[in-house]
Amino acid sequence: MIVIAHLSDPHLDGTDVARDRLRRITSYLKAFRTPVDVVLVSGDLTDHGLAAEYDELAAELPADVPVLVIPGNHDVSAPLRAGLADFLDSPGEAHPIHQVREVAGARFVLLDTSVPGEDYGLLTGGTLTWLHGVLQQPFDGPVFVAMHHPPLDMHHPVMDQWPLRAQEALAAVLTGKPITAILTGHVHNAIVTSFAGHQVLGAPGIRSTIPLPFEPPVPNRGMLDPKAGPGLALHIHYPSEPLQTLYRFP
Ligand SMILES: [Fe+2]
Ligand SMILES: [Fe+2]
């Protein structure tokens, strides 16, 4: 059995409210009778991409289990690499931050969909060529593709301004590949859908939730519901069985 704790969008910004919401998740994980095998944080790690914010996150992340991180549109590559070097597979300042990591018998293809200075997501042609090669490599175990921007249209007037672009080209690469699930963040919602024949599992936003237009309005007519509890996904893989995902809002 492999248990992945999938966290997303903590948006740490030096405030108590952001830190406390992340701590609701990390304290829940800390109390597990058996620790999870790996923690994945799928982007918007910080709110402004500042060095101090990455230092804060590094101090908050669990120290006793492997932690994987990927950037989101609120992140900035150079300070992320400097502040979270212990959680990455290579040093440097370069953008984008793509990684292929093997943890607990699973392979994680961690894609950086962020575009410096922009909020939409994009995987370039060069990245897609590389991804095609990675996904053709045989692997005896589950393979997860993780990225911040999910390949979907949310049908939300604001969030749809910042989608993952060039989804058709990504679909062409992912179709038919041996992928257990695509793990995403960005839309601040526990969301389950499919793309290119694969399951897409989005983790809730730790910092806030974004209701859809038909849901009850949030106070002050804002886009974010900061009161909805922070949550996470637990992806549980048993050999030869379909993936099981639990959503928890501790
Ligand atoms: Fe976010
Ligand atoms: Fe985002």
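Source: prediction; values computed, not measured.

S.K.: Could you clarify how one ought to interpret the side chain of Q99 in this entry?
M.R.: Within the fold, Q99 resides in strand 4 (residues 99–103). For Q99, a relative accessible area of 1% translates into the label buried. At 3.2 Å, the side chain of Q99 forms a polar contact with the backbone nitrogen of D89. Among the polar contacts listed, one links the side chain of Q99 to the side chain of R101, at a separation of 2.7 Å. For Q99, the contacting residues outside a window of four places in its chain are V69, F87, L88, D89, F108, V109, L110 and W130.

S.K.: Mind showing me how you'd approach the pattern of salt bridges here?
M.R.: Pairing between side chains of opposite charge can happen when the charged atoms of each approach one another. Summed over the entire model, instances satisfying the criterion amount to four salt bridges. Its salt-bridge partner being R23, residue E60 comes within 2.7 Å of it at the nearest N-O pair. You can see E60 sitting in helix 2 (residues 51–60) and its partner R23 sitting in helix 1 (residues 16–30), a full 37 residues away along the chain. Given a relative accessible area of 14%, E60 falls into the buried group. The class for R23 is partly exposed, based on a relative accessible area of 39%. One connected set of salt bridges, linked through shared partners, spans D16, R19 and E56.

S.K.: Got a minute to help me understand the coordination of the iron ion (ligand 1) in this structure?
M.R.: Within the protein, D9 (OD), H11 (NE2), D44 (OD) and H188 (NE2) serve as the donor atoms for the iron ion (ligand 1), at 2.0 to 2.2 Å. In this structure, the iron ion (ligand 1) is coordinated by four donor atoms arranged in irregular fashion, with angles at the metal of 90 to 174°. Along the chain, the residues that donate to the iron ion (ligand 1) are spaced as D-x1-H-x32-D-x143-H. For the pair the iron ion (ligand 1) and the iron ion (ligand 2), the metal-to-metal distance amounts to 3.5 Å, and D44 bridges them. Taken together, the positions of D9 in the loop between strand 1 (2–7) and helix 1 and H188 in the loop between strand 7 (181–184) and strand 8 (191–195) put the pair 179 residues apart, joining distant regions of the chain. Classification of D9 by relative accessible area gives buried; the value is 0%.

S.K.: Would you take a moment to explain the coordination of the iron ion (ligand 2) for this structure?
M.R.: The protein atoms that coordinate the iron ion (ligand 2) are D44 (OD), N73 (OD1), H148 (NE2) and H186 (ND1), at distances of 2.1 to 2.3 Å. Taken together, the four donor atoms coordinating the iron ion (ligand 2) and their angles of 89 to 162° define a geometry best described as irregular. Read in sequence order, the donor residues coordinating the iron ion (ligand 2) give the pattern D-x28-N-x74-H-x37-H. Taking relative accessible area as the criterion, D44 reaches 2% and is therefore assigned buried.

Criteria and cut-off values
Residues numbered from 1 in each chain as written. Chains lettered and ligands numbered in written order. Predicted model: local features only at pLDDT ≥ 70, side-chain atom pairs only at ≥ 80, totals over all residues. Heavy atoms only, no water. Helix = DSSP H or I, 4+ residues; strand = E, 2+ residues; numbered from the N terminus. Buried < 20%, exposed > 50% of the residue type's maximum accessible area, 1.4 Å probe, protein only. Polar contact = N/O pair within 3.5 Å; in protein donor to acceptor, adjacent residues only side chain to side chain. Contact = heavy atoms within 4.5 Å. Salt bridge = Lys/Arg side-chain N within 4 Å of Asp/Glu carboxyl O. Donors = N, O, S within 2.8 Å, 3.2 Å for Na, K, Ca; no water. Tetrahedral: all angles 85-135°; square planar, octahedral: opposite > 155°, others 65-115°.

The values are spatial; any link to function lies outside them.
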